[in-house]
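# Analysis of the macromolecular model
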Amino acid sequence: MKKIFQLTILLTFCIQNVNAQSRYIVRFTNKGTNPFSLASPIQYLSQRAIDRRTRYNIALDSTDLPVTPRYIDSVRLAGAVTILNASKWLNQVTIRTTDMAAINKINSLPFVMSTQAVAQFGAGNTNTPVNKILDGAVTTIPENINSFVETTTANFYNYGKANGQIKIHQGEFLHNHGFRGQNMNIGILDAGFFHYKTLPTFDSLRANNQILNTWDFVANNPDVDEDDTHGMNCLSGIGANLPNKFVGTAPKANFCLYRTEDVASETKIEEHNLAAGFERSDSIGVDVCSVSLGYFEFDNPAQNYTYANMNGNTTISAIAADLAAKKGMLPVVAAGNEGNGPWHYIITPADGDSVLAVGAVDTLGNVANFSSYGPSSNGRVKPNLAAVGRNAVVANPSTGDPVFSNGTSFATPNLAGLTTCLWQAFPEFNNIAILNAMQQSANKFTAPNDRTGYGIPDMKKSFALLLKQTYKKQIATNLCTATVQLTIKQDSTMQIIIERKRSNDAGFTVYKTIAGTNNFSSKTVSFTDDFNATTITGTTIYKVKIDIAADTTFYVDSLAVNMPITCIAPVIPLPTIVANSVSINPNPVNNVTNITVNRDTVTDVKIIMYNASGRRIYYKTYNQATVSQINKVNMSGQGLGVYYVVVYANNKKWQTLRVVKAN
């Protein structure tokens, strides 16, 4: 998000250099004669990137193939031409040259679609305009502003000055339950990461080797430590780990740091660089990309975008961001700081269809006046969500200590880090499912607006929404018992509470409590309810509730079980109990019959039932006191015909009776 100052000086310079074109985008028609194959993606994608495609069922296509090397070589050999960066997704390269004969030769190549001049200023030109900035200046900490809120509760981290920008999302819930970005990769595409190698803010990242990869797409080298401070500020919002002073939103994540932005100019070559940065992020296996950059106005006014272009399908950077999402990553992009300027609206690539565009609020939820307005020009809700970007805490470029600054640039990494921690908990869901859960959890989901979109997301609610989606159930009834099997993600801090209400109960009571075990993963548990010899009829309802430590409790389901009337303990009239006798009732039998044994002395009883072929279908032994005992036999699964019941008393055959299965 760049703004132009000293406009007169800039325009004068542009007029004087109108013919000094030096950088071009060369677009190719195809990827013919490409030595790479979709059948061997390990040649150009990391195993982690391939695994992401497999996990989310993302098919490889021609955009995954590198630009045909022969085409790049032909462009390089056309004259005094330097290849800058290639974009395989857009099938194009950027070049630097002042050799018009080379441009003419490039245009004559059969596989070249077009060349477009995108920069008027040569690399290293001392007259290059340097009067643009991305966001508000970093300031010292004012002790009396509303957003200054220290940690007041016992959390895993003491966030220090950053407490307010994390707690507005209940982000501490994720951290407290172990989700701090471990084994997740975040790509930050920005303008430079000044002194990230030495500032104490990032000592944990350095000690734990959490910086996976760096590249400067402007200078074409791996060094990003000496450039602009803006990317470092953004990195601090996620990766800072200064206990009691400043802790970021995903301090245990791994990072890829890419400089795609040249703060000394504003040209479309930077959009191409952004595409190349997305592609490198994808190839390495990045999960979430944090992008605090945006475009609408260029050094050459003829290349300016209009609001109509903010439709997600037109600009180089929006197309690239949506392709990043198509490959399975989640681009989190700043909405822009044009809310109180003449442009007013979001800037690209925040307009991307599958991009999480972030607006800015303070820690009380008040909208920052500079935050760009939505919607996209084709009417989609933009920004999608909002995070703290007004009086946001970032690292001081000199000391690394926390200071305040303003901009949707800083709201973006705050939310990107929490998004990463949420996705860490639920890697089985793809990027769009994570985005949808966050939107549904936000405070304006039912009535989105053009300032914060769906509003300020709640990580605890997002977690619960996704947890519910992992839930599956299976109910089985066998004779007069109901067995319920539940599958859901859980860990040792969680318990499943089953509440039950039978038809004659006034309300629900706790029936079972099932404790969680081990680490957070999908587990299957079950419980059985026995309806034998009860007087309960009709429907029994169970509610399934999840309790997560002392943090939150919520219901995930309500189940109903209807037991047949045959489970009711029958009342058999026995006007006169005949001592030492056996009776069968009902007989004939449809489903369940009762064998009643009467004894006047303590007796060891054995009951065996045979079918007409002599196969035993029922067997029971027990010790009976001087009472009458009813033995229930379920014959619902037996065939029609005659069955024989043999009763033994004290191991001697005592009675033989016949029972008929009627239907």
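This is a predicted model, so every value here is computed, not measured.

Counting its secondary structure elements, the chain contains 13 helices and 31 strands. Here the chain, with 663 residues, has 55% of them falling under the buried criterion. Intrachain contacts of the chain at a sequence separation of at least 6 include 72% that bridge at least 24 residues. Surface exposure of the chain reaches about 26500 Å², of which carbon and sulfur atoms provide 51%.

Turning our eyes to something else, we now look at helix α3 (residues 69-76). Three or more residues of α3 are buried, namely Y71, I72 and V75. On an axial view of α3, the arc spanned by its buried residues comes to 100°, and they lie on one face. Lining the buried residues of α3 we find β2 (23-28), β3 (82-87), β4 (92-96) and α4 (100-108).

One can find N590 in the loop between β25 (581-585) and β26 (592-598). Separated by 45 residues in the primary sequence, N590 and M635 place their C-alpha atoms 7.3 Å from one another.

Turning next to the nonpolar core. Ranked by internal contacts, the top residues of the largest apolar core, which has 83 residues, are F463, L467 and L486. When near neighbours in sequence (up to four residues on either side) are disregarded, F463 contacts F173, L174, F179, L422, A425, F426, F520 and I548. Residues Y258, F278, F298 and M329 belong to the second largest nonpolar core, which totals 29 residues.

Our next topic: the sheet that holds strand β13 (residues 330-334). The parallel open sheet is built from seven strands, whose spatial order is β8-β11-β7-β12-β13-β14-β15. The sheet is open, and its two borders are formed by β8 (211-216) and β15 (385-388), each paired with just one other strand. Within this sheet the neighbouring strands show an average axis-to-axis angle of 25°, counted without direction. Where β13 and strand β14 (residues 356-361) come together, three bridges link them in parallel fashion. Bridge pairing in β14 places V332 opposite L356. Sitting on the sheet, helix α11 (residues 408-425) touches β7 (185-190), β12 (288-291), β13, β14 and β15, and the angle it makes with β14 is about 125°.

The interhelical angle for the contact between helix α9 (residues 269-284) and helix α10 (residues 316-326), taken along N-to-C directions, is 10°, at an axis separation of 8 Å. The angle between the axes of α9 and α10 places the two elements in the roughly parallel class. Between α9 and α10, the residues in contact are E271, H272, L274, A275 and F278 and I316, S317, A320, A321 and A324, respectively. Classifying every residue of the contact of α9 with α10 gives seven nonpolar, two polar and one charged.

Here we come to the packing of α11 against helix α12 (residues 431-441). Two elements in contact, α11 and α12, have axes whose closest approach is 11 Å; the angle formed by their N-to-C orientations is 115°. With respect to each other, α11 and α12 are oriented roughly perpendicular. Like other packed secondary-structure pairs, α11 and α12 cross with a definite hand, here right-handed. Side by side, α11 and α12 meet where L415, T419, L422 and W423 of the first sit next to N431, I434 and M438 of the second. Per-class residue counts for the contact of α11 with α12 are five nonpolar, two polar and no charged.

Moving on to the pattern of salt bridges. In the structure shown here, the tally under the stated rule is 18 salt bridges. Across the pair D287 and R48 runs a salt bridge, and its minimum N-O distance is 2.7 Å. Here R48 lies in helix α2 (residues 47-55) and D287 lies in the loop between α9 and β12, a separation of 239 residues in the sequence. Of the charged contacts in the structure, one is a salt bridge between D401 and K245, with a shortest N-O distance of 2.7 Å.

The next subject is the sheet that holds β4. Within the open sheet, the four strands sit side by side as β3-β4-β2-β5. Their pairing is antiparallel. Looking at which strands have only one partner, the edges of the open sheet turn out to be β3 and β5 (112-119). Adjacent strand axes in the sheet meet at a mean angle of 25° when their direction is disregarded. Where β2 meets β4, five bridges bridge the pair, whose relative direction is antiparallel. When the sheet's bridge partners are listed, Y24 is paired in β4 with I95.

For the chain, mean pLDDT is 89; residues scoring 70 or higher make up 88% of the total. Counted against residues more than four places away or in other chains, residues 1-20, with its pLDDT under 50, gives 49 contacts.

Another aspect to go through is the environment of V75. Examined against the element boundaries, V75 turns out to sit in helix α3. Residues V75 and I106 lie 31 residues apart in sequence; the distance between their C-alpha atoms is 5.9 Å. V75 has contacts with V26, F28, V81, I83, I95, I106 and L109, leaving out every residue within four places of it along the chain.

With that settled, consider the state of the cysteines. Simply put, the disulfide is a covalent bond whose two ends are the sulfur atoms of two cysteines. Summed over all chains, the structure comprises zero disulfides. Here C289 is not disulfide-linked; the sulfur of C256 is the nearest cysteine sulfur, at 8.6 Å.

Before going further, it helps to examine the pairing of strand β16 (residues 392-395). Going residue by residue along β16, you find A392 and V394 tucked away on one face and V393 and A395 tucked away on the opposite face as well. Inspection of the sheet shows β16 paired to strand β17 (residues 402-405) by four bridges, in the antiparallel sense. When the bridges of β17 are listed, A392 appears paired with S405. In this structure, the hairpin formed by β16 and β17 is closed by a connection of six residues, where G400 is found at a positive phi of approximately 85°.

A few words now on unusual backbone geometry. P383 follows K382 through a cis peptide bond whose omega is -10°. The topology assignment puts P383 in the loop between β14 and β15. Put simply, N585 and P586 share a cis peptide bond, and its omega is 0°. You can see P586 is positioned in the loop between β25 and β26. Look at H195: it is not a glycine, yet its phi comes out positive at around 65°. Inspection of the secondary structure puts H195 in the loop between β7 and α7 (203-207). What makes H195 partly exposed here is its relative accessible area of 31%. Here the phi dihedral of H344 falls at roughly 80°; this positive angle occurs in a residue that is not glycine. Within the fold, H344 resides in the loop between β13 and β14.

Basis of the calculations
- Residues numbered from 1 in each chain as written.
- Predicted model: local features only at pLDDT ≥ 70, side-chain atom pairs only at ≥ 80, totals over all residues.
- Heavy atoms only, no water.
- Helix = DSSP H or I, 4+ residues; strand = E, 2+ residues; numbered from the N terminus.
- Buried < 20%, exposed > 50% of the residue type's maximum accessible area, 1.4 Å probe, protein only.
- Contact = heavy atoms within 4.5 Å.
- Areas by Shrake-Rupley, 256 points an atom, 1.4 Å probe, with all protein chains shown as cover.
- Arc of directions from axis to C-beta.
- Core = buried A, V, L, I, M, F, W, Y, C linked by side-chain atoms within 4.5 Å.
- Pairing = 2+ DSSP bridges.
- Axes fitted to C-alpha atoms, helices over the stretch in contact; angles between N-to-C directions.
- Parallel < 35°, antiparallel > 145°, perpendicular 65-115°, else oblique.
- Nonpolar A, V, L, I, M, F, W, Y, C, P; charged D, E, K, R; others polar.
- Left-handed = near helix turned anticlockwise from the far one by under 90°.
- Salt bridge = Lys/Arg side-chain N within 4 Å of Asp/Glu carboxyl O.
- pLDDT = per-residue confidence, 0-100.
- Disulfide = S-S within 2.5 Å.

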